[in-house]
Amino acid sequence: MGVAISIQDLSFTYAETTRPALRNVSGEVEEGTYVVMMGHEGAGKSTLCCSLNALVPRFFRGEYAGRVVVHDVEVAKARVAEMSRRVGLVLQDFEAQLFSTSVELEVAFGPENLCLPRDEIERRIDRYLRFVGLAEMRRREPASLSGGQKQRLAIASVLALEPLVLVMDEPTTDLDPIGREEVLSVADMLRQERRTLLVVDQDPDTAVDADQVWLMREGEIVAQGPPRQVLTDLALLESCGVQPPPTVALFQALGWPGQPLTVEEAIALIREHNLARPRPLQTPTLPANGRPVILELRDVDYVYPTRAVEALKGVNLQIREGEFLALVGQNGSGKTTLAKHLNGLLKPTRGEVLFRGRPLGEIRRTEMARFVGYVFQNPDHQIFSNTVREEVGFSLRMAGMDAKAVEERVAEALAVVGLSGYEEEVPFTLTKGERQRVAVASVLAAQPQVIILDEPTTGLDYRHQRSMMEMLRDLHRRGHTVIIITHSMWVAAEYAERVVVMRDGQILLDAPTRTAFAQEGILAEASLRPPPLLRLGNWLGTSGIPLDAMVEELRTG
Amino acid sequence: MNIFLYLDENTWFHRLDPRTKIIGVLLLFGIVMVFNHPLYMAAVALGLVLLGATAKALPNFWRMRYILALLVVFSTVLWPFFAKGPTPLWSWGRLEVSRESLMYAVAMGLRLASFVAAGLIFLSITTNEEFTQGLIRLGLPYPVAFAFSTALRLVPTFAGAGATIVQAQISRGLDVESGNIFQRAGKFIPLGVPLFIYAVRHTNMLAMALESKGFNPGAPRTWYLNPQMRRADYLALALLTVAFLAALFLRLQGYGQVLPRL
């Protein structure tokens with residue numbers, strides 16, 4: 001078997017920047033192997049992906065040194081269109097990759113560019129749509145597909161070029177758990193076909209099956225090796241802003257023998273060495289139930305006027321002051337629709353929504369921003385000012401507050417999100433994690449009693465996810481009621497006190513976090529699964545949620 | 001959010017070659033322009049409704065019912081004051097309505113609605129790619145046709161992003177509904193800037209994705225869509241040409257006219 005990709009001493013600095021995005025990167029990928037790349041935001045993963053199909057340095061200009069050879073072609077000397085026969089690149093943002101009005105034409109686009117005859121294009125459409133499981137959707141409009149289907153279509157449209165190497169840059173980041181599994185199962189099939197596959201992913205679960213894991217930090221590759229070697233070096237993972245496999249972390253903290261990468265492995269090891277004895281699980285009840293209800297939904301139905309789809313069906317929900325609540329469920333289960341009722345962005349078709357017993361309809365918009373703040377998923381959907389100061393002060397100025405008071409509030413909000421001293425920065429130039437914080441600060445400045453966040457951790461690396469959630473915990477401690485919508489099970493498990501599981505516009509489960517995650521059967525109905533540590537905890541019968549609590553519990557017996 | 005009007009049916013109309021559809025809709029526009037007598041226009045409008053029904057495009061007519069009704073009503077109310085006719089009906093100072101101007105107004109209302117209806121039929125039976133393909137076969141260079149169809153394609157994407165941006169800013173207390181026109185214009189900055197930046201980012205990503213799939217506007221390429229001019233196409237074009245010429249002939253003979261203007 002030959003070498004598919006060979007990278008020698010590659011360095012690259014984007015034009016008009018000074019910090020190199022890649023520094024002396026070297027590596028080799030054997031034909032037919034599966035490589036997973038991990039690293040923090042800005043570590044150079046995407047740049048490295050783009051350097052394989054000549055987007056770097058052809059599309060993105062800059063200072064380029066070193067040599068990248070893919071199947072005997074030196075990339076820097078080729079054009080992107082030529083490289084497309086050798087390297088297929090699937091990007092994270094599937095929305096931006098799809099542009100045709102039907103699924104089949106989307107797949108046809110690549111082969112058309114290769115000047116293939118019509119019957120060959122037809123054959124490839126057939127073959128690759130079947131491969132990604134979209135054969136039934138041939139005539140559908142891509143916009144009408146679910147997230148996971150869209151990303152699978154994006155993969156099919158790249159596969160149709162029959163590239164020798166397939167590179168996927170964070171293909172699952174924007175997806176819900178089902179979409180993620182759909183995409184990963186396609187990756188798995190490709191692996192079984194022994195195709196050369198390079199995937200960037202944040203989740204240690206994905207990396208477990210790789211032949212090689214490449215760990216990147218600050219533009220350099222700091223580790224290359226089989227998963228069992230790379231994923232067990234917790235300090236190194238931590239320094240790269242990568243989440244370590246929680247089961248490995250648990251075993252190391254307890255000093256137990258073995259480095260289990262998966263829950264199944266961990267259970268086998270515990271059995272084999274008789275490390276702990278499973279016991280019946282005792283779940284705590286929710287504290288703080290005496291506090292007054294701050295938001296309430298009564299028999300709420302909601303039908304989207306344009307689609308005539310019932311997005312909420314008879315939802316009843318009481319949220320008490322000072323709660324930290326996580327809304328979980330698949331895309332389209334009604335989480336966001338429900339949340340948008342809580343600040344009056346949507347008005348129920350039937351039923352009512354109350355804020356401290358007052359119907360939302362009676363509350364003015366500008367007033368509402370002070371009661372319930374809503375942070376949208378993508379900070380770029382709201383940032384528009386030239387300075388962070390202006391951005392954060394926007395809602396206050398809209399409410400007609402005087403300049404001095406605005407100044408004070410802005411400083412306060414920035415301190416809470418950890419961005420003090422950023423007042424004069426241009427928001428657009430900040431990192432994604434920082435922009436996310438600016439968005440939170442701009443909602444916080446109005447000092448809302450309740451703050452709702454839609455996917456606060458999506459698109460952030462592990463390090464930024466942690467610090468974002470720590471900040472929310474801090475807000476919660478200050479007395480704010482915090483509601484998050486999330487796909488990330490570990491985020492919900494470690495930070496929320498209460499979990500509301502939605503399915504098909506209804507509340508399927510509403511319980512204290514530990515209790516909710518003990519109900520694996522009900523969660524499965526909503527296509528959800530507890531995070532690895534809690535699956536192990538459910539088996540062992542431990543009630544602690546974060547790693548330390550679980551370690552403590554297992555130590556004391 | 002779907003602003004596209006294409007309806008995925010399999011009628012005789014849908015199967016026509018895109019060239020036929022493009023030339024056909026132009027001929028329909030021509031026929032719509034010929035008469036200005038309300039009865040003749042009514043016949044044209046009825047014809048278009050029948051065509052629409054055959055093409056299974058009526059759901060789109062229904063979707064656009066308010067716009068269609070609005071066009072008829074506004075034009076009927078406003079035109080009488082601008083067109084002058086010989087038989088006065090009513091006057092008030094310099095304002096004057098005549099029998100002919102009223103009829104002309106009704107005809108103009110029907111003409112506008114028919115115009116929209118012809119366009120709707122075209123959009124209901126033609127996908128974006130077919131339209132592009134048709135333009136290319138009619139001689140438009142590929143890069144131009146591609147840019148055109150991509151621009152069309154991006155409209156719903158940007159509209160969707162725009163809707164989210166509006167909600168995000170409303171959640172922060174932006175009040176888009178009050179204030180005079182200047183105050184309102186100022187409120188579009190919080191909406192326009194994020195949309196603009198989104199558009200730039202999105203287009204950049206799209207360009208990357210296209211290049212990665214081997215796109216090269218100057219290079220030769222093949223087509224999966226392979227429309228063919230068949231007998232039905234020639235027949236349809238012949239019928240429409242005959243209809244157009246017949247209408248033109250009638251009008252030149254003085255039929256279907258209330259006022260001697262377009």
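Residues numbered from 1 in each chain as written. Chains lettered and ligands numbered in written order. Predicted model: local features only at pLDDT ≥ 70, side-chain atom pairs only at ≥ 80, totals over all residues. Heavy atoms only, no water.

Draft legend 1. Main features of the environment of valine 501 of chain A. All names here are of chain A. Considering the arrangement of structural elements, one finds valine 501 in strand β19 (residues 498–503). The exposure class of valine 501 is buried, given its relative accessible area of 0%. When the C-alpha positions of valine 501 and threonine 13 are compared, they lie 45 Å apart, and in sequence the two are 488 residues distant. (Helix = DSSP H or I, 4+ residues; strand = E, 2+ residues; numbered from the N terminus. Buried < 20%, exposed > 50% of the residue type's maximum accessible area, 1.4 Å probe, protein only.)

Draft legend 2. Representation of the interface of chain B and chain A in the model. The partner chain A presents 62 residues to the 51 residues of chain B that form the contact. With both chains or domains summed, chain B and chain A bury close to 5,000 Å², and 59% of this area falls on carbon and sulfur atoms. It is Arg172, Lys213 and Tyr224 of chain B in chain B that bury the most area against chain A; as a group they hold 21% of the surface buried on that side. Along the contact surface separating chain B from chain A lie six salt bridges. With a shortest N-O distance of 3.0 Å, arginine 172 of chain B and glutamate 391 of chain A are connected by a salt bridge. Where chain B packs against chain A, one counts 24 residue pairs in polar contact (both at pLDDT 80 or more). (Contact = heavy atoms within 4.5 Å. Buried area = accessible area lost by both parts, 1.4 Å probe. Salt bridge = Lys/Arg side-chain N within 4 Å of Asp/Glu carboxyl O. Polar contact = N/O pair within 3.5 Å; in protein donor to acceptor, adjacent residues only side chain to side chain.)

Draft legend 3. Representation of the nonpolar core. Residue and element names in this part refer to chain A. Ranked by size, the top nonpolar core spans 55 residues in total, and within it Ile155, Leu166 and Leu215 carry the most contacts. A domain split of this core shows at least three residues from each of domain 1 (3–243) and domain 2 (245–275 + 530–557). Not counting the four nearest positions on each side in its chain, leucine 166 is found in contact with Gly88, Val90, Ile155, Val158, Leu159, Leu190, Thr196, Leu197 and Leu198. If you look at the next biggest cluster of nonpolar residues, it comprises 53 residues, including Ala326, Met468, Val491 and Phe517. (Core = buried A, V, L, I, M, F, W, Y, C linked by side-chain atoms within 4.5 Å. Domains from an automatic or database assignment.)

Draft legend 4. Up close: the sheet that holds strand β8 (residues 196–200) of chain A. Residue and element names in this part refer to chain A. Spatial strand order, β6-β7-β8-β3-β9-β10: six strands in an open sheet with mixed pairing. On the outer flanks of this sheet lie β6 (87–90) and β10 (220–225), each paired with one strand and no other. When strand polarity is set aside, the average angle formed by the axes of neighbouring strands in this sheet is 15°. The pairing of strand β3 (residues 34–39) with strand β9 (residues 212–217) spans five bridges and is classified as parallel. Paired with methionine 37 across the bridge in β9 is tryptophan 214. (Pairing = 2+ DSSP bridges. Axes fitted to C-alpha atoms, helices over the stretch in contact; angles between N-to-C directions.)

Draft legend 5. Representation of the pattern of salt bridges. All names here are of chain A. All chains considered together, the criterion is met by 45 salt bridges over all chains. For the salt bridge of glutamate 265 with arginine 228, the shortest nitrogen-to-oxygen distance reads 3.1 Å. A residue pair is termed long-range when its members are at least 10 positions apart, and glutamate 265 in helix α13 (residues 263–273) and arginine 228 in helix α10 (residues 227–230) qualify at 37 residues. For arginine 298, the salt bridge is made with glutamate 352, and the minimal N-O distance between the two is 3.4 Å. Taken together, the residues span a long stretch of sequence, with arginine 298 in strand β11 (residues 293–304) and glutamate 352 in strand β14 (residues 350–355) at a distance of 54 residues. Judged by relative accessible area, arginine 298 falls into the partly exposed class, the value being 36%. Residues participating in the shared-partner salt-bridge network are Glu120, Arg123, Arg124, Arg127, Glu162, Glu193 and Arg195.

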